[in-house]
Every structure is written in C-alpha cells, then in structure tokens.
Amino acid sequence: MLFATSSRRPRLSLLALWLIALLLIAASALSTTATAGIQLRTSASNSTALVQTPRVRAELVAHAPEGIAAGQSFWLGLKLAHEPDWHTYWKNAGDSGLPTELQWQLPSGLSTGSIDWPTPHALRVGPLVNYGYENTVLLPIPVKVANDFKAPASGMVEVHLSASWLICRVECIPESGEFTLQIPVVGSTAANSEDFLKARAQQPVALNGNGQASVQPATDAKIADDRIHLRVAGLPAAIKGKTLELYPENAETFKHAAESGKDWQQRWDGDDWVAEGLPLSDMRSDTPPQLAIVVALAGKDRAAALDNGQPIAWRSTLDVQGQWTPATLTGVSPALAAALEANKNATAPAQTSGSVSSTSLLAALLGGLIGGLILNLMPCVFPVLAIKVLGFAGHGQNRQAQKLGGLAYTAGVVLSFVALGALLLGLRAAGQQLGWGFQLQSPVVVSLLAALFTVLGLNLAGLFEFGSLLPSRIASAQARNPVLDSFLSGVLAVAIASPCTAPFMGASLGFAIDMPAAQALTVFAALGVGMALPYLLASFVPSVVGWLPRPGPWMQTFRHAMAFPMFATVVWLVWVLGHQGGMDAAAALLALLLVLAALIWALGLRGKSRISLGALALLLAAGVAYYALPLIKAEPAGQAQTQAGELWQPWSADKVQSAHASGQPVFVDFTAAWCVTCQVNKRTTLSNAEVLAAFAQHQVQLLRADWTRQDPAITQALQSLGRSGVPVYVLYLPGKQPVVLSELLSKSEVLDALKQI
C-alpha cells in the first residue's frame, strides 16, 4: 500500500494514483525515444529490408528500372556497409574466414542466380592473407523472371532472404539477418542504381579461351614442395607490363600469403601474363582438371581504371597440366572448426519460433521465482519496504483488508513485471539492443522517477496532503477504493526494483529473452510472484505481522521518518543522471525538483495566497523546465577519459580479445550507475584490499563496462554470456571458458575464482 495515515489526515487521493500511472506510462514511452539512435530493422514499406549490428549495416536492395515483366530479368543485392576496420569475405575467403551465404524465398516464377562477386582486396592479418571487402560493398544477384510469371493481385512482389556472414577485425563474429523486401511489379525501382553500377564496374571480365596451369614437381632440395606455373592469355594490351594481383577462386589450392617478387615471380611473356613458382597450400587435395583465377589491377592502377570506367579485373579458366602431390591434411582443423562453431552458437540470434524444453522452462521459472524472492533484499527495494510496513499497520486487525491488500499488491507486481517484460521483448523484436533495466538508461525517465519520489517524500514529511489540492469529492474517492493503493504500491515497487538483478534472476532473464514470447512472459510473471510472495504470505498469516503495534500516534512519526528514504532515492537518481548527462544535467534536475516543491507548497495554501503564489510558482516551474529539459536530455559534453595507470580501464571487446591473445586474464565488471547492487559491490568487494592485491598478483586486467547509457556492444556482450541485465562479473582465463560470478559478489568468491589462474 502506498500510505496509511491516522484518521486525522486524508488518505492518498486519485491524483496520486494517476500521477504514478501517468509517470510509468511516460517512462515506458520515453524509454523507446531514448534508444531512437539505434536503427530499427525496417524499411519504408514496413518490411525488414535493413539489419543493423554494431559492426555492419546490411540492406536488401533491388534494381528493376523497367519493372518486373515475364521473360525479363532484374537484380537483387545485399549492401554491406562495414564499420571502420571491419570486413567480410569474398567467395574464396583465403587463409581464414567464410564467404557470405544467401538463401532466398521467392514467389513462383522467379529464380535467382549466384552472387556476381565484385573483385576483392587482399587483407593481410599477420602471417595470413584473406580476400574480402571493407567500407561498403554491394553483392548483386541476377533474378530471372519466367515466361509464365503472373503478377500478384497486390501489384507487389515480396522477396525473403536469409543471409549469414562472418565479419572480422581482429576478432571474428558470425552474424545473420532475415530480410523482406517488397518490389512493385509496374514502374521503376532504381533508387540504388549507382550502387549496382559500381558493383558491375568491379566485376571481373571473363576472358575468351583457357589459360594454362603447369605443375612443377618437387625435384631437389631447392624445390621442397610442388609448385605451379600459370599462363593467362587474352588480357587487354592496355595493361601489358603492369603488376597484377592474383585471386584464386579455388579454396585451399595456393598459399595465399605468398608474396609476389619474394615467394613467386610474375612477368609478361609477349601478351601473356605469367606467374612462376607459385607455392601450393598445405591443405590442398587432389589435382582438379581446371582452376579458376581472377587477376586484377593493383593500388593506383585499379583506382584510375575505375575513375575512367575501364575494367579492373579479368577471370580466366586454366587447364591444369600434370599432377601435384595431395597434402596429408585436408579441410579445416578440428580445433578451428570447433572454435568457429562455438563462436557461432554463442552469438546466434534469438529464435522467434519453436518451443523450449519443459525442463529448461521449469528451471527458468524456478530461477525467476527464487530471484524475485531475493529481490526483496536488494537495496533497490528498500524505499518501498517502508510503505509496506505502513500498509500493514494501517489495516490493524482487519484481516479482510489485509488479504485484499496482499492480493492487490501481488497483482500490481506481477502485471508490472509482465508489462515491462512485454515491452522489452517488443522493442528487441523491432531490432533494438536492450536489456533488463533499459528504462533507466533514459535521462528523462530518471528525472521523472526523481520527481515522483520527491512528491512522495514531501507528502510523507507532511508538507501537503493530496486531499488539500483537490475538491473533497475527488479526494474522498480513494477511501471507497483502498485496494488501488495496494495495487499501485506493487507497480511502484517494480519501477524501483527493475534495475536490480538478484542471484538466480540474471540467468533466468537471459534465458527468457531467447524464449518464445508466451514462455518468456511466464518467466517474468514468476519473478513477480517471487517478489510479492513475502507480502502475500504476511497478508494471509497474521503471525507474520503480529509484532506490529496497533494503529496510533506512532504511525504519524513513522510516516514522517519514512520521507527520508524517499529523499535518499532522489539523491541516488540525481547521481545517476550526473553519470548520464554530466553536472549540468544534475543541476538542471535539482532546479526542477526545487520549483516542483515550491509549486506543491503554494498549491497547499488557502485563500488568495494559493492563487497568487501558485500562479507564480507555476510560471517559475515552466520557465525552469524550458531551460532544464534540453540539458537533461543532452549527451554529456565530454566523457572523462581514464588516465594512464588507473586501475580500472573502460571495457571494449578489442581489449578483451587483445588480452586473451597475449595470455593475460581479464576481469570485467558490467555495471551501471542506476544499479544499486552494482554500486554496493563496487564499494565493498571490488574495493577490498585483499581482492585488489590478488588481481595485481595474478596480473589481471580490470575492465569496467558502463551500461548507464545504452550501449549495443555491451548489450551484445551480456547476451553472449546468457545475461540481459547488470550486475554481471566475468573472469576471462586464457584457454578456458569465461567464469561468470554471482550478482551479490563476495570476497571469497572472487579469490576462489582467481585460484584457477
């Protein structure tokens, strides 16, 4: 229950009930606005033609300038815009990597060809060389329209694509996307014509006639392994004498890292281009009858040819003469295959259909129930506990009222958890990278909650009564519906407790987010039942609350004292906002809360003073809000940089990967300023001298992933660990699986984990 006062003071009116309801509705709406910077996977036609990840922007596009007609053809394409330093792969990825794969679902009468791969670039990574694309590339696919094709009645052709790609920088991440595109049958679709023209300009030109590939067997110590000579005829005279780049289409045939001029030689023999002494791959299989290669202009010559509209590459089929000795080992090494499969499984997108085994669902429900119970002990919920105590005391010996209040409180908690879970699942289905506690990543939501607790604190302190602000008819309406108090106190408890993650709760939430919606919502409901269970039990078992004295004057003193936990919550929320938006945002919020308090005080006066001072306070509040709201919503002017030598460094996936490659253990603290449990752990266990000494002894790199504001990279890292909220503590050990510690971190737990190093 929200409040229970003595008979001399009116109880909470409908104004308070609607105030909290409207604030929660606004919080839900504004949490969507706060993440508007993340690109939704939608297109202008409401189809999912666009998929955005932190590393690449993938879009399904079409080029049908003459429309779609029977017997004709048009083009589809997957446009990949890579973030700086990231790349995807050509049809032969080289020493490592995987090519992009496309699976189509087309209407009857349409059929696709294979990808017309643009000419790649060589990407050297240490001793390896891969073939692929950086920046922006379009992979075009021809589509043939059958002679008996019949246009749909809607006049739109709907195309579905399932695409998968491996995107790499230093680390490699398998990604995939589901795309849908609607194309008008009549009319021109040519918005991406320039991209298709660029892709066509980068296509290798097929040469007439076959070239030759001659195997040179290993004969003496100078030639320890078989090699191969290539001869390509039919190249244009304009490129004669130029150095060319070689891109073999056959995987595991050549040593891709072999350098021209060092490991093999190239020259011109009349009009023929000749490559001599090319080393063969250690993974080669039997000799094929033919090889396919692409030779391309290099560097400035390629750029100049593109500028002049001239070909940049040529494809030749080579007849193989002779037989090389197959390598003993073939295929991908088992270790590499296992690593790729594990990485792919760890980052695979959530399934949207299907079912979860009953055992897994029961485990998630049990974890949610236990996590909800423990949530009552989290610091987040402390301000609401006082309201619960007042609620019990206010009912006195009225057992019927206690039972109704317990049921109403339980309904408020469970429905709020389900509603918040449904909102989270809906936003994630729309393409947004969100996790548990996402609403407090919005500075506006934090400010609204601070205003709410300021009002509650002022009311508890006795500055005003809600009934004095409204006509008596409205103010007395709550007396006829006391159950609403209990219901709304459950809503309030969830609003405050939602940023916390209790033990057992993190794994259940991480599992629930990947479940089908109906099953996921049952896990959220189990969390609510667990959180409400102690209060519900107390409502039906009198001995649980028998220690409370009868209603009397002590309640008024207790009520006034309980204003201070509310104000403490306001202090915490202002501190959170300071982390999100800087000192200007925190000062702006304090100014707003000040004028809000003045407005409430003025409206509680009587006579002409109420009108005059109330109007003045209202104008003042409007003026302060006009200047304060932009400061609250603005990004901070500059983030404080971690100084060299500081113990904790900002987290990034690159730092984890780099430390892992060098054999250094890494401890990551996934945290947020609005997570009270995170701050408790930070100031106790993670600041403990013994723990810090153990970190130093084992040379553990300490990284802090700050999720105070939304960060898709951190969200994805949490998902890879099976979590959807903070706190999360992970110890990465070289050659071992990550060790995920509990949410309520203890010194002994950290020290025990470090003993594994």
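Everything numeric in this text was worked out from a predicted model, so none of it was measured. (Residues numbered from 1 in each chain as written. Predicted model: local features only at pLDDT ≥ 70, side-chain atom pairs only at ≥ 80, totals over all residues. Heavy atoms only, no water.)

Some words on the overall build of the protein chain
Per the secondary structure count, the protein chain includes 21 helices and 24 strands. Per-residue burial over the protein chain gives 48% buried out of 757 residues. Roughly 34700 Å² of accessible area belongs to the protein chain as shown, and the carbon and sulfur atoms make up 59% of that amount. (Helix = DSSP H or I, 4+ residues; strand = E, 2+ residues; numbered from the N terminus. Buried < 20%, exposed > 50% of the residue type's maximum accessible area, 1.4 Å probe, protein only. Areas by Shrake-Rupley, 256 points an atom, 1.4 Å probe, with all protein chains shown as cover.)

Regarding the side chain of T454
Note on placement: T454 falls in helix α8 (residues 443-461). Beyond its immediate sequence surroundings of up to four residues, T454 is in contact with F567, V570 and L593. (Contact = heavy atoms within 4.5 Å.)

Structural notes on the confidence of the model for the protein chain
In the predicted model, the protein chain carries a mean pLDDT of 77, and 74% of its residues have values of at least 70. Counting contacts from residues 24-47, a segment whose pLDDT is below 50, to residues more than four positions away or on other chains yields 48 contacts. (pLDDT = per-residue confidence, 0-100.)

Some thoughts on the pairing of strand β18 (residues 290-297)
Of all eight residues making up β18, seven are buried, and the element is well covered by its neighbours. Note: strand β15 (residues 244-248) against β18, five bridges, orientation antiparallel. Note that in β18 the partner of Y247 across the bridge is V294. (Pairing = 2+ DSSP bridges.)

Quick word on the packing of helix α14 (residues 563-581) against helix α15 (residues 583-603)
Between α14 and α15, the least distance of the axes is 6 Å, while the angle of their chain directions is 145 degrees. Helix-helix and strand crossings are classified by hand; for α14 and α15 the assignment is right-handed. Between α14, through V570, V574, L577, G578 and G581, and α15, the contact on the second element is made entirely by M583, A585, A586, L589, L590 and L593. Here the contact of α14 with α15 is built from residues that sort into nine nonpolar, two polar and no charged. (Axes fitted to C-alpha atoms, helices over the stretch in contact; angles between N-to-C directions. Left-handed = near helix turned anticlockwise from the far one by under 90°. Nonpolar A, V, L, I, M, F, W, Y, C, P; charged D, E, K, R; others polar.)

Topic: the nonpolar core
Ranked by size, the top nonpolar core spans 71 residues in total, and within it I68, F74, F179, I228, L230, L235 and W273 carry the most contacts. By size, the runner-up hydrophobic cluster in this structure holds 32 residues, among which are A450, M562, V576 and L593. (Core = buried A, V, L, I, M, F, W, Y, C linked by side-chain atoms within 4.5 Å.)

Observations concerning unusual backbone geometry
For D85, which is not glycine, the phi torsion reads 80 degrees and is therefore positive. Its place among the elements puts D85 in the loop between β3 (73-82) and β4 (88-94). Since its relative accessible area comes to 56%, D85 is described here as exposed. With phi around 55 degrees, N135 is a residue other than glycine that occupies positive phi space.

Structural notes on the packing of aromatic side chains
The full count for this structure, using the stated rule, is eight aromatic pairs. Summarising the aromatic geometry, the rings of F667 and F695 are spaced 5.1 Å apart at their centres and angled 45 degrees between planes, so their arrangement reads as tilted. In this pair, F667 is assigned in strand β21 (residues 666-671) and F695 in helix α19 (residues 689-697), connecting sequence segments 28 residues apart. Ring geometry for F667 and Y729: centres 6.4 Å apart, planes at 15 degrees, overall stacked. With F667 in strand β21 and Y729 in strand β23 (residues 728-732), this pair connects stretches of sequence that are 62 residues apart. (Phe/Tyr/Trp six-rings, centres within 6.5 Å; stacked < 30°, edge-to-face > 60°.)

Some points on the sheet that holds strand β8 (residues 128-133)
The antiparallel open sheet is built from three strands, whose spatial order is β4-β8-β7. At either end of the open sheet lies a strand with only one pairing partner, and these are β4 and β7 (121-125). For this sheet the average axis-to-axis angle between neighbouring strands, irrespective of direction, equals 45 degrees. Across three bridges, β4 lies against β8 in antiparallel orientation. In the strand pairing of β8, Y89 is matched with G132.

Brief notes about helix α21 (residues 747-754)
For α21, the set of buried residues is V750, L751, A753 and L754. Buried residues along α21 cover an arc of 160 degrees about the axis, so they all sit on one side. (Arc of directions from axis to C-beta.)

Section: the environment of F464
Looking at where F464 falls in the secondary structure, it is placed in the loop between α8 and α9 (472-475). The class of F464 is buried, set by a relative accessible area of 3%. For F464 and L603, which are 139 residues apart along the polypeptide, the C-alpha to C-alpha distance reads 8.8 Å.

As for the pattern of salt bridges
Pairs can form between side chains of opposite charge once their charged atoms are near each other. This model, assessed by the stated rule, comprises 15 salt bridges. Two residues, D195 and K79, come together in a salt bridge whose shortest N-O distance is 3.0 Å. Within this pair, whereas D195 is found in helix α2 (residues 193-201), its partner K79 is found in strand β3, the two being separated by 116 residues in sequence. Residue D195 is classed as partly exposed on the basis of its relative accessible area, which comes to 22%. Here K755 ties to D752 by a salt bridge, and the two come within 3.6 Å at their closest N and O atoms. Using a relative accessible area of 65% as the deciding quantity, one classes K755 as exposed. Look at D752 and you get partly exposed, because its relative accessible area is 43%. Three or more residues joined by partner-sharing salt bridges are found here, namely K91, E249 and R315. (Salt bridge = Lys/Arg side-chain N within 4 Å of Asp/Glu carboxyl O.)

Thoughts on the packing of α15 against helix α16 (residues 608-633)
The angle between the axes and the distance between the axes are what describe a pair of packed helices. Between α15 and α16, the least distance of the axes is 8 Å, while the angle of their chain directions is 165 degrees. Considered as vectors, α15 and α16 are oriented roughly antiparallel to each other. Crossing handedness for the pair α15 and α16: left-handed. (Parallel < 35°, antiparallel > 145°, perpendicular 65-115°, else oblique.)

Let's talk about the sheet that holds strand β6 (residues 110-112)
The strand order across the open sheet formed by five strands is β1-β2-β3-β9-β6, and the pairing between neighbours is antiparallel. Only two strands of the sheet have a single partner each, and these edge strands are β1 (50-52) and β6. Looking at each pair of strands side by side, their axes are set apart by 20 degrees on average, direction ignored. Sheet analysis places strand β2 (residues 56-63) next to β3, joined by eight bridges and oriented antiparallel. The residue of β3 that forms the bridge with A58 is L80. Where α2 meets the sheet, its contacts fall on β2, β3 and β9 (136-145), and the angle it forms with β9 comes to roughly 95 degrees.

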